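Spelled out, the chains give:
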Amino acid sequence: MKQIKIVGGNTLRGQIHIGGAKNSAVAIIPAAILATGESKLYNVPNISDRDALFDIIKDLNVDVKMEGSVVTIDSSNIQNKTISEILSKRLRASYYFMGILLGKYKHVEMYFPGGCNIGSRPIDIHLKGFEALGATVTHEEESHKYILDAEKLTGARIKLDFASVGATINIMFAASLAEGTTIIENAAKETEIINIADFLNKMGAKIKGAGTSKITIEGVKELHPAEISVIPDRIEAGTYLIMGALLGDNLEVCGINPNHITALLNKLSDMGVTFEVKENSIIISKSPNLKAINITTLVYPGFPTDLGQPMSVLLTQANGVSLFEETIWENRMQHVEYLNKMGANIELKDNAHAVITGPTKLKGAAINATDLRGGAALVTAGLIAEGCTVISNIEYILRGYENIINKLKSVGADIEIIETEE
Ligand code: EPZ
């Protein structure tokens, strides 16, 4: 069994280079098959979610070539077939094949998507969007297979019940190849959506308003291959900045767009963390006398839910009582029991509200990652804890943090992957 072993306390100094955004790449990779031919993707992160998507598109007889972070996808011989339950369950983003195959072939057969266990994670908003475009959705009770069919797709006005990132993107995929114009209202505004719309427009789609709450898509007959670069990962960047606020000595987080993480930067400033913002990097150092603050996670541009768990570790080191509220997912506090096992003082009012009292001295322990960002929180805790921390279930962490061991080693962390008996 692979585990992450950390001996805490080392100062982090030097440069960490941020990779392409997971939550952009997991939409852009499948989107390439909307066109028939060879598309080129740049700055694709080397994470296990990428590999899971490659397995799915290869199963559709699509050719994938990788040279470092450059990925070439050739869909010339693509075949529309059922995406198996095993492949559908490999990651949450498998749901993008619904919008893509519905748009391209007007027929999809696949299963409920996978993803970290941070809530029930329904896809009802996606399916309602597809139905608004003219698709019929069948969910087979016994096999749990989803079958989506449409004679044709017709543009529609779709108001999302919630500003869902996945549903916004999935409806954009299908609507790009519908007849007529689709308007998505209450659309998600996350930066990744702009990146994906840019790719679709380079492929010949006609999308306006990505990044705002109203997106207009004028359907076209077909899309052609194109090239796109994945934007930097704002959540990876934010995670390393939080580590820098705890252990940094002029740690420079490079290759980022600081404008994508203003909500985090504002909260770090409120805590008394000092940092220097440059055009594409931020230099941050350990800050003494951290102030306790309150945090509520919100849709973009609010404080991102994906940084809530890493941020909770910083709050354990603040002077006083911080109130943390998670409003997006209903089960995103599984890391708390392990932080408390290490010596944190976090009281869970319920699965969405935590009261964090600091500062507390954390001691190394044997702990388990429960999900991707919860696992990143445990790595952060291990880096500051006294003594040795061993983290199991690290596959969660490796799905979304490219090369995390070497990136942290390169700036001074005492961290390694160890092999142990089951
Ligand atoms: C994306 O998930 C991200 N994942 C998540 O990141 C991120 O936390 C989330 O957006 C919010 O920013 C990917 O992009 C692969 P949503 P997604 O649809 O699209 C409810 C990470 O750590 N909802 O915006 O699944 C849902 O239950 C991951 O990188 C419905 O009710 O999120 C949740 O409460 C974790 N019905 C809320 O909306 C639906 O049909 C937000 O979901 C869809 C969503």
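To start, this report covers the structure provided alongside it. (Residues numbered from 1 in each chain as written. Predicted model: local features only at pLDDT ≥ 70, side-chain atom pairs only at ≥ 80, totals over all residues. Heavy atoms only, no water.)

1. Some points on the pattern of salt bridges
So, point 1. Summed over all chains, the structure comprises 20 salt bridges.
So, point 2. A salt bridge links arginine 157 to glutamate 185, with the shortest nitrogen-to-oxygen separation between them at 2.5 Å. Of this pair, arginine 157 sits in strand S9 (residues 157–159) while glutamate 185 is found in strand S10 (residues 181–185), placing the two residues 28 residues apart along the sequence.
So, point 3. Since its relative accessible area comes to 55%, arginine 157 is described here as exposed. (Salt bridge = Lys/Arg side-chain N within 4 Å of Asp/Glu carboxyl O. Helix = DSSP H or I, 4+ residues; strand = E, 2+ residues; numbered from the N terminus. Buried < 20%, exposed > 50% of the residue type's maximum accessible area, 1.4 Å probe, protein only.)

2. Some remarks on the site of the ligand
So, point 1. The immediate surroundings of the ligand are formed by 24 residues, with Arg92, Asp124, Ser164, Asp306 and Ile328 found nearest.
So, point 2. Note that an oxygen atom of the ligand is positioned 2.9 Å from one of the side-chain N or O atoms of lysine 22.
So, point 3. At 3.0 Å from an oxygen atom of the ligand is found a side-chain nitrogen or oxygen belonging to tryptophan 329.
So, point 4. Elements represented by at least two residues in the shell around the ligand include exactly helix H1 (22–31), helix H5 (124–132), helix H6 (165–175) and helix H12 (372–384).
So, point 5. Residue composition of the shell around the ligand, by class: 11 nonpolar, five polar and eight charged.
So, point 6. Viewed by domain, the shell around the ligand spans two of them, domain 1 (2–19 + 232–419) and domain 2 (22–229), each represented by three or more residues. (Near = heavy atom within 4 Å. Polar contact = N/O pair within 3.5 Å; in protein donor to acceptor, adjacent residues only side chain to side chain. Nonpolar A, V, L, I, M, F, W, Y, C, P; charged D, E, K, R; others polar. Domains from an automatic or database assignment.)

3. Side note on the sheet that holds strand S11 (residues 206–208)
So, point 1. With respect to topology, four strands assemble into an open sheet ordered S9-S10-S12-S11, the strand pairing being mixed. Strands with a single pairing partner mark the edges of an open sheet, and in this sheet they are S9 and S11. With strand direction ignored, the average angle separating the axes of adjacent strands in the sheet is 15 degrees.
So, point 2. As defined by bridge partners, S9 adjoins S10 across three bridges and the pair is classed as parallel. Bridge pairing links lysine 159 to glutamate 185 in S10. (Pairing = 2+ DSSP bridges. Axes fitted to C-alpha atoms, helices over the stretch in contact; angles between N-to-C directions.)

4. Details of the nonpolar core
So, point 1. Ranked by internal contacts, the top residues of the largest apolar core, which has 78 residues, are Ile33, Phe97, Met172 and Phe173.
So, point 2. Those residues within four positions of methionine 172 in sequence are excluded, and the remaining contacts are Ile184, Ile193, Ile196, Ala197, Leu200, Ile207, Ile215 and Ile217.
So, point 3. In this structure, Ala237, Leu268, Leu307 and Leu408 belong to the second largest nonpolar core, which totals 72 residues. (Core = buried A, V, L, I, M, F, W, Y, C linked by side-chain atoms within 4.5 Å. Contact = heavy atoms within 4.5 Å.)

In short, geometric facts, not functional conclusions.
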